[in-house]
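Fold and geometry: a report
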Amino acid sequence: MIIELQNNISTQDKEAILNKIESLSYAFTEVITQTGHYVVGKNGIELDKAQFDTLGGIKHLHYGLSNYKLVSRQWKTQATKIQLNNNSIIQDGGFSIIAGPCAIESEDQIETIIKHLADNNITMMRGGIFKPRTSPYSFQGLGLEGLKQLHNVASSKGIGIISEVMDISQIEEMYDYVSAFQIGARNSQNYNLLKALGKTNKPILLKRGISSTLDELLNSAEHIYSSGNEQIILCERGIRTYENAYRNTFDLNAVPVLKEKTHLPIIVDPSHGIGISRHIESMALAGVMAGADGILLEVHENPAQALSDGQQSIDFKTAESLYRKLSATYDLRSSFEA
Ligand code: PEP
Ligand code: MN
């Protein structure tokens, strides 16, 4: 159950509501997000509507919700729109490209990649500075200094940065330099990290866990939302199945199904989804037609020399051709919807 409060609710009205539900021994959490104010019931208990009839300050009572609540489309039918920076919005029915290397590797690379993005009117860049690598002997990322350098160059061109945060201690140090925090597949159910990011007011790009169900992904998003941050973008990046002919099984079924279940925008990451550079194009275009609101692409100036995920990164020439095809495919999709 969600008790949606009026945004300008008076202190007295709020106290009266909270006293009432406490008197009914109802366990609840109070949530204040960027645009809403809610009391969310715990343990699946739903209170009788009649209990609230005489109380002021209530906008709406929402019953019969799934185990994740605030991120559900069952009560919030209007899609959530995420403003990443002055030049980038991710929203239902739109299509945004976020591109860049798996990891930021050097100052030279920063200049090269930012020029590539600016030349192609791409206003949001991806790039890890703290890398979650399966092996401790693989490149672990440039760290904060790399992010600062990247931010200097990117911001001069109006390009924002999305970068993965691996630990609560990194949130504050990264905060000024990113347009959104990425939560990687390996941390998708790191609830302490999710809650800490829920207390910030930066958009969050939440990747699906390596073997997460959609229900688990939505509950991860619920941890962020119920901590106060409603600016969440979900990302399908492939899941582990018994198939081993490619890196992951890129689950495009997730896109239309998530669209029904949640008001949050959904983007797709074919780079990690299939993990084979020559097949990125077809899966990226399939992602558009599946209804994704954007795409996350690993693009590298020289994939053969990349310090991480070179096998799934595309070079600039391939990327430029793909950007054009993505745009044409998006136009085609929009024409079907018209
Ligand atoms: C990445 O985006 O480079 C990354 C590590 O992705 P994932 O968490 O989906 O594996
Ligand atoms: Mn990667």
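**Some remarks on the pattern of salt bridges**
On inspection of all chains with the given rule, the structure shows 15 salt bridges. When the shortest N-O distance is used, the salt bridge between Asp 119 and Lys 115 registers 2.7 Å. A residue pair is termed a helical-turn pair when its members lie 3 or 4 positions apart in one helix, as Asp 119 and Lys 115 do in helix H2 (residues 107-119) at 4 residues. Judged by relative accessible area, which is 51%, Lys 115 ranks as exposed. Each of Arg 73, Asp 92, Lys 259 and Asp 293 takes part in one network of salt bridges that share partners.

**Description of the site of ligand 1**
Surrounding ligand 1, one finds 13 residues, the nearest of these being Arg 126, Lys 131, Ala 185, Lys 207 and Arg 237. The side chain of Arg 126 places a nitrogen or oxygen atom 2.8 Å from an oxygen atom of ligand 1. Within the contact set of ligand 1, an oxygen atom lies 2.9 Å away from a side-chain nitrogen or oxygen of Arg 186. A total of 300 Å² of accessible area belongs to ligand 1 in isolation, and the protein chains cover 98% of it. Looking at the shell around ligand 1, its residues break down into 3 nonpolar, 3 polar and 7 charged.

**Quick word on the domain arrangement of the protein chain**
Taken domain by domain, the protein chain comprises domain 1 (2-62) and domain 2 (82-337). On a C-alpha basis, the centroid separation for the pair domain 1 and domain 2 is 36 Å. With 7 residues of domain 1 at the contact, the number on the domain 2 side is 8 residues. In total, domain 1 and domain 2 occlude about 520 Å² of area from one another, counting both sides; carbon and sulfur atoms represent 44% of this. Three residues, Val 31, Thr 33 and Gln 34, lead the burial of domain 1 against domain 2; their summed loss comes to 71% of the area buried on that side. Along the contact surface separating domain 1 from domain 2 lie 0 salt bridges. The tally of links between domain 1 and domain 2 comes to 4 residue pairs in polar contact (both at pLDDT 80 or more). Partitioning the side of domain 1 that touches domain 2 into residue classes produces 3 nonpolar, 4 polar and no charged.

What counts and how
- Residues numbered from 1 in each chain as written.
- Chains lettered and ligands numbered in written order.
- Predicted model: local features only at pLDDT ≥ 70, side-chain atom pairs only at ≥ 80, totals over all residues.
- Heavy atoms only, no water.
- Salt bridge = Lys/Arg side-chain N within 4 Å of Asp/Glu carboxyl O.
- Helix = DSSP H or I, 4+ residues; strand = E, 2+ residues; numbered from the N terminus.
- Buried < 20%, exposed > 50% of the residue type's maximum accessible area, 1.4 Å probe, protein only.
- Near = heavy atom within 4 Å.
- Polar contact = N/O pair within 3.5 Å; in protein donor to acceptor, adjacent residues only side chain to side chain.
- Areas by Shrake-Rupley, 256 points an atom, 1.4 Å probe, with all protein chains shown as cover.
- Nonpolar A, V, L, I, M, F, W, Y, C, P; charged D, E, K, R; others polar.
- Domains from an automatic or database assignment.
- Contact = heavy atoms within 4.5 Å.
- Buried area = accessible area lost by both parts, 1.4 Å probe.

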